[in-house]
Amino acid sequence: MLTMIKRVAAVHDLAGLGRCSLTAIIPILSAMGVQCCPVPTAILSTQTGGYSDYSFFDMTEELKPYIEHWKSRNERFDSIYTGFLGSADQISMV
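Below, the structure is looked at part by part. Because the structure is a prediction, the values reported are computed rather than measured.

Re helix H1 (residues 22–31)
Now for step 1: Within H1 the residues assigned to the buried category are Leu22, Ile25 and Leu29. Seen from one end, H1 has its buried residues packed into an arc of 70 degrees, which puts them on one side.
Now for step 2: Turning to H1, the residues buried within the fold contact strand E1 (7–15), strand E2 (35–44) and strand E4 (79–82).
Now for step 3: One or two steps after H1, the chain reaches glycine 33, where phi turns positive at roughly 85 degrees.

Comments concerning the nonpolar core
Now for step 1: Formed by Val8, Ala10, Leu22, Ile25, Leu29, Val34 and Cys36, the largest nonpolar core amounts to 7 residues.
Now for step 2: Among all residues touching valine 8, those that are not within four sequence positions of it are Leu29, Val34, Gln35, Cys36, Cys37, Phe77, Ser79 and Tyr81.
Now for step 3: Counting residues in each nonpolar core, the second largest holds 6 residues, with Ala9, Val11, Val39 and Leu63 among its members.

With respect to the pattern of salt bridges
Opposite charge on two side chains permits them to pair, given that their charged atoms come into close proximity.
Now for step 1: Per the counting criterion, the structure on display carries 3 salt bridges.
Now for step 2: Glutamate 75 is paired through a salt bridge with arginine 7; the nearest N and O atoms lie 2.8 Å apart. Of this pair, glutamate 75 sits in the loop between helix H2 (60–72) and E4 while arginine 7 sits in strand E1, and the two are 68 residues apart along the sequence.
Now for step 3: As a salt-bridge pair, lysine 71 and glutamate 68 come within 3.8 Å of each other at their nearest N and O atoms. Here lysine 71 pairs with glutamate 68, and both are found in helix H2, just 3 residues apart, close to one helical turn.

Focus: the sheet that holds E2
Now for step 1: The 4 strands lie next to each other as E3-E2-E1-E4, forming an open sheet whose pairing is mixed. Edge positions in the sheet fall to strand E3 (56–58) and E4, since each has one partner strand and no second. Here the average twist between neighbouring strands, direction ignored, is 35 degrees.
Now for step 2: In terms of strand pairing, E1 meets E4 through 4 bridges, oriented parallel.

A word on the packing of aromatic side chains
Now for step 1: One pass over the full model with this rule turns up 3 aromatic pairs.
Now for step 2: Here tryptophan 70 and phenylalanine 77 contribute two aromatic rings whose centre-to-centre distance is 5.0 Å and whose plane-to-plane angle is 40 degrees, an arrangement assigned as tilted.
Now for step 3: Tryptophan 70 gets classed as buried once you look at its relative accessible area, which sits at 19%.
Now for step 4: With a relative accessible area of 26%, phenylalanine 77 lands in the partly exposed category.

About the criteria used
- Residues numbered from 1 in each chain as written.
- Predicted model: local features only at pLDDT ≥ 70, side-chain atom pairs only at ≥ 80, totals over all residues.
- Heavy atoms only, no water.
- Buried < 20%, exposed > 50% of the residue type's maximum accessible area, 1.4 Å probe, protein only.
- Helix = DSSP H or I, 4+ residues; strand = E, 2+ residues; numbered from the N terminus.
- Arc of directions from axis to C-beta.
- Contact = heavy atoms within 4.5 Å.
- Core = buried A, V, L, I, M, F, W, Y, C linked by side-chain atoms within 4.5 Å.
- Salt bridge = Lys/Arg side-chain N within 4 Å of Asp/Glu carboxyl O.
- Pairing = 2+ DSSP bridges.
- Axes fitted to C-alpha atoms, helices over the stretch in contact; angles between N-to-C directions.
- Phe/Tyr/Trp six-rings, centres within 6.5 Å; stacked < 30°, edge-to-face > 60°.

Right, here's the structure in full:
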């Protein structure tokens, strides 16, 4: 019997320090047997909670070509997981 691997587009930030963001969800989904396809919304030096300051690189301008590339390939996902969205523009894109 052929089993199709489930795929999830994970729209979330990537934080260098902390216990959240793509660094947390990728291994969780993988352990569940799901292919996690990351869509980074921002790159941060640390998670936003529990740290007094952090560096923030906004990926809003990259999201449209990133998503358009997947559309041009007719990529399909079984689910979309959203985490940190860094701007109102990102919310409307997702």
